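An overview of the molecular structure
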Amino acid sequence: MPTERAFQYRPERENHTMATVALTETTFDEVAQSDGIVLIDFWASWCGPCVRFAPVYEKVSAKHEDITFGKVDTEAEQGLAARFEVRSIPTIMAVRDGVIVYAEPGALPEDALEDIIRQVRDLDMDDVKKRLAEG
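The sections below set out a description of the structure shown in this document.

Calculation criteria
- Residues numbered from 1 in each chain as written.
- Predicted model: local features only at pLDDT ≥ 70, side-chain atom pairs only at ≥ 80, totals over all residues.
- Heavy atoms only, no water.
- Helix = DSSP H or I, 4+ residues; strand = E, 2+ residues; numbered from the N terminus.
- Buried < 20%, exposed > 50% of the residue type's maximum accessible area, 1.4 Å probe, protein only.
- Contact = heavy atoms within 4.5 Å.
- Areas by Shrake-Rupley, 256 points an atom, 1.4 Å probe, with all protein chains shown as cover.
- Pairing = 2+ DSSP bridges.
- Axes fitted to C-alpha atoms, helices over the stretch in contact; angles between N-to-C directions.

Looking only at helices and strands, one finds six helices and five strands in the protein chain. Ordered by position in the sequence, the α and β elements of the protein chain form the string α-β-α-β-α-β-α-β-β-α-α. Buried positions account for 41% of the 135 residues belonging to the protein chain. Sequence separation of 24 or more characterises 72% of the internal contacts of the protein chain that already satisfy a separation of 6 or more. As presented, the protein chain carries roughly 7400 Å² of accessible surface, and 50% of it is formed by carbon and sulfur atoms.

Laid out in structure tokens, this is it:
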């Protein structure tokens, strides 16, 4: 069940102190390959746009408790940044039911991030998986 898995990876949600979870090479695959939607923010502390985007990401994460909101510190997790060919930060990635359905660099305003969430929710995953199998 997606909601249970989301809470499984975000125990801090129980006390509502933070809405995102730090992802590492050790935890990334387990979280990203779970059922449901996972949004991932690839960032670094020295990146001005990343720092400005962080409050937007946190605010939106608090509105969507059924979604896992992850953050990958590209300085600490250089292997993950290389694996996903992150060349510019912040980069936002959306994964649904274990399939990467969106990955683009750039800090987004709140309405644009909400629009991405809406589009990811609206995807017909049977069709997405069928197209992946065909192509």
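Here the narrative resumes.
With respect to the helices and strands, valine 101 occurs in strand 5 (residues 99-105). Along the backbone, valine 101 and methionine 125 are 24 residues apart, and their C-alpha atoms lie at a distance of 9.7 Å. With sequence-adjacent residues up to four places away left out, valine 101 is seen in contact with Ala94, Arg96, Val120, Leu123 and Met125.

Right, let's talk about the environment of valine 120 for a bit. By the element assignment, valine 120 lies in helix 5 (residues 110-122). Residue valine 120 is classed as buried on the basis of its relative accessible area of 4%. For the pair valine 120 and tyrosine 102, spaced 18 residues apart in sequence, the C-alpha to C-alpha distance is 8.2 Å. Apart from the residues lying within four places of it in its own chain, the contact partners of valine 120 are Ile37, Ala94, Arg96 and Val101.

Attention now moves to the pairing of strand 5. As paired elements, strand 4 (residues 91-96) and strand 5 share six bridges and run antiparallel to each other. Opposite methionine 93, over in strand 5, you have alanine 103 as the bridge partner. Adjacent in sequence and paired antiparallel, strand 4 and strand 5 are bridged by two residues, among which aspartate 97 carries a positive phi angle near 50 degrees.

This brings us to the sheet that holds strand 1 (residues 21-22). In any sheet, the strands associate via hydrogen bonds between backbone groups, in a parallel or an antiparallel arrangement. Strand order in the open sheet formed by five strands is 1-3-2-4-5, with mixed pairing between adjacent strands. A strand with exactly one partner marks an edge of an open sheet, and here the two such strands are strand 1 and strand 5. Sheet analysis places strand 2 (residues 37-43) next to strand 4, joined by six bridges and oriented antiparallel. When the sheet's bridge partners are listed, aspartate 41 is paired in strand 4 with isoleucine 92. Contacts from helix 3 (residues 48-63) reach strand 2, strand 3 (68-73) and strand 4, with the element oriented near 160 degrees to strand 3.

Let us now look at the environment of glycine 70. By the secondary structure assignment, glycine 70 is in strand 3. Considering only alpha carbons, one finds glycine 70 and tyrosine 57, 13 residues apart in sequence, at a separation of 9.8 Å. Residues contacting glycine 70, with those up to four places away along its chain left out, are Val21, Leu23, Leu39, Ile40, Asp41 and Tyr57.

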